[in-house]
Amino acid sequence: NIPANVNWTQQGVSVAGGHGNGNGTNQLYWPHGIFVDDDQTMNGHTTNGQIVAGGKGLGNGSNRLDQPTDVLIDEEMDSLIICDRGNKRVVRWSRCSGTTQGETLIDNIDCFGIAMDEQRYLYVSDYRKDEVRRYQLGEKNGTLVAGENGEGPKSNQLKDPQYLFVDQQQNVYVSDSRNHRVMKWTKGAKEGIEVAGGNGIGNALTQLSYPSGLFVDMLGTLYCAINLLFQIFRKSHIPFLA
């Protein structure tokens, strides 16, 4: 829970990278998704990271990744689930020591963002088909939960969906990137609800600019990272939030 009256520091602290772009263990190069586990491993004070998936150069082998954009930790299986965008697949990598390759969970998908709910359903955005699907682990086709009505700005459409967040009621929040808005799709709905942005690209408080990563806290406050303008948009009192 993040208190509504919290005071935010204006100066952040680097916890990974910060030494220019590169492939050194103390560097990052165009990082995308981030996930913090229950023991807040991401917040460690080490100066060098450890490669836990890929690291063999670009490629489509089971020991390689190509432009990974999002990652989550499956605590029950002690594994990483990674959106391997360049290879059009979602893969699992065990966190056990000595793991040298991953396994493909979903293939032939233009994935960008992934999320998992408390029932262990996996949600994946497809930026080519402008849709989001829900999968049981091991399932290949999935169930549509957002979009699939072509690219566009209507309430039943998406345009380059990227990152996802799923709350306890299985409501799906989507950073609808090129519509410059965040959409909420309630479970079983045929149309989404615009909960942030949707007023064109810009830096006004009613606008977003290519929204990417997002998070909704227990009080129903939405936090969204904005590309290009490098701002953080915060919107409280989301309508229809259970």
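Residues numbered from 1 in each chain as written. Predicted model: local features only at pLDDT ≥ 70, side-chain atom pairs only at ≥ 80, totals over all residues. Heavy atoms only, no water.

The name that an unreviewed UniProt entry assigns to the protein is NHL repeat-containing protein, with the source organism given as Rotaria magnacalcarata.

A.B. asks: Please give an account of the environment of Asp176 that cites residues and values.
C.D. replies: As for its position among the elements, Asp176 is in strand 10 (residues 172-176). You can call Asp176 buried: its relative accessible area is 0%. Separated by 21 residues in sequence, Asp176 and Gly197 place their C-alpha atoms 9.6 Å apart. If sequence neighbours within four positions are ignored, Asp176 has contacts with Gln157, Leu158, Lys159, Asp160, Arg181, Met183 and Pro211. (Helix = DSSP H or I, 4+ residues; strand = E, 2+ residues; numbered from the N terminus. Buried < 20%, exposed > 50% of the residue type's maximum accessible area, 1.4 Å probe, protein only. Contact = heavy atoms within 4.5 Å.)

A.B. asks: An account of the nonpolar core is requested, with residue identities and associated values reported.
C.D. replies: Formed by 14 residues in total, the largest nonpolar core has its most connected members in Tyr173, Val182, Leu214 and Leu222. Of all elements in the fold, only strand 9 (161-166), strand 12 (193-197), strand 13 (211-216) and strand 14 (222-226) reach the threshold of two or more residues within this core. For this core, the element with the most residues is strand 14, which contributes three residues. (Core = buried A, V, L, I, M, F, W, Y, C linked by side-chain atoms within 4.5 Å.)

A.B. asks: Summarise the packing of aromatic side chains; cite the residues concerned and give the values.
C.D. replies: For the structure shown, the criterion picks out five aromatic pairs. Aromatic pair Phe112 and Tyr127: ring centres 6.2 Å apart, planes at 90°, arrangement edge-to-face. Placement of the pair is Phe112 in strand 5 (residues 111-116) and Tyr127 in the loop between strand 6 (121-126) and strand 7 (131-136), with a sequence separation of 15 residues. Ring centres of Phe112 and Tyr163 lie 5.3 Å apart, and the angle between their planes is 85°; on these two criteria the pair is classed as edge-to-face. Here Phe112, found in strand 5, pairs with Tyr163, found in strand 9; they are 51 residues apart in sequence, far enough to count as distant. (Phe/Tyr/Trp six-rings, centres within 6.5 Å; stacked < 30°, edge-to-face > 60°.)

A.B. asks: Residues and numbers for the pairing of strand 9, please.
C.D. replies: On a regular strand, one side chain projects to one face of the sheet and the next to the other, so that they alternate. With six of six residues buried, strand 9 lies mostly within the body of the structure. Linking strand 9 to strand 10, which pair antiparallel, is a turn of five residues; within it Gln170 sits at a positive phi near 65°. (Pairing = 2+ DSSP bridges.)

A.B. asks: Describe the sheet that holds strand 4 (residues 103-107), and please don't skip the residues or the numbers.
C.D. replies: One open sheet accounts for four strands, arranged 1-2-3-4; its pairing is antiparallel. Where the open sheet ends on each side, the last strands, each with one partner, are strand 1 (68-74) and strand 4. Geometrically, the sheet is characterised by an average inter-axis angle of 20° between neighbouring strands, direction not taken into account. By the bridge criterion, six bridges tie strand 1 to strand 2 (residues 79-84) in an arrangement that is antiparallel. Within the sheet, the bridge partner assigned to Val71 lies in strand 2 and is Ile82. (Axes fitted to C-alpha atoms, helices over the stretch in contact; angles between N-to-C directions.)

A.B. asks: Break down the pattern of salt bridges for me, citing the residues and quoting the values.
C.D. replies: Enumeration over the complete set of coordinates arrives at 13 salt bridges. Between Asp84 and Arg89 there is a salt bridge, with its nearest N and O atoms 2.7 Å apart. Between Lys88 and Asp110 there is a salt bridge, with the nearest N and O atoms lying 3.8 Å from each other. Of this pair, Lys88 sits in the loop between strand 2 and strand 3 (89-94) while Asp110 sits in the loop between strand 4 and strand 5, placing them 22 residues apart in sequence. Given a relative accessible area of 40%, Lys88 falls into the partly exposed group. Looking at Asp110, the relative accessible area reads 12%, which means it is buried. (Salt bridge = Lys/Arg side-chain N within 4 Å of Asp/Glu carboxyl O.)

A.B. asks: Give a description of the pairing of strand 14 that names residues and reports values.
C.D. replies: Judged by how many residues are buried, strand 14 sits mostly within the fold: four of five residues are covered. Two strands pair when backbone bridges link them, and strand 13 and strand 14 are joined in this way by four bridges, in the antiparallel orientation. In the strand pairing of strand 14, Leu214 is matched with Cys224. The turn linking strand 13 back onto strand 14 is made up of five residues, and Gly220 within it adopts a positive phi angle of 85°.

A.B. asks: Now, about the sheet that holds strand 10: what can you tell me, with residues and values included?
C.D. replies: Within a beta sheet, neighbouring strands are joined by backbone hydrogen bonds and run either parallel or antiparallel to one another. Pairing is antiparallel across the open sheet formed by four strands, whose spatial order is 9-10-11-12. Looking at the sheet topology across the chains shown, the edges are occupied by strand 9 and strand 12. Taking each pair of neighbouring strands and ignoring which way they run, the sheet shows an average axis angle of 25°. Where strand 10 lies against strand 11 (residues 181-185), five bridges are found, and the strand directions are antiparallel. Paired with Val172 across the bridge in strand 11 is Trp185.

A.B. asks: How would you sum up the confidence of the model for the protein? Please name residues and give values.
C.D. replies: Averaged over every residue, the pLDDT of the protein is 85; the share at 70 or more is 90%. Segment residues 229-242: pLDDT under 50, and 45 contacts once partners within four positions in sequence are set aside and those in other chains are kept. (pLDDT = per-residue confidence, 0-100.)

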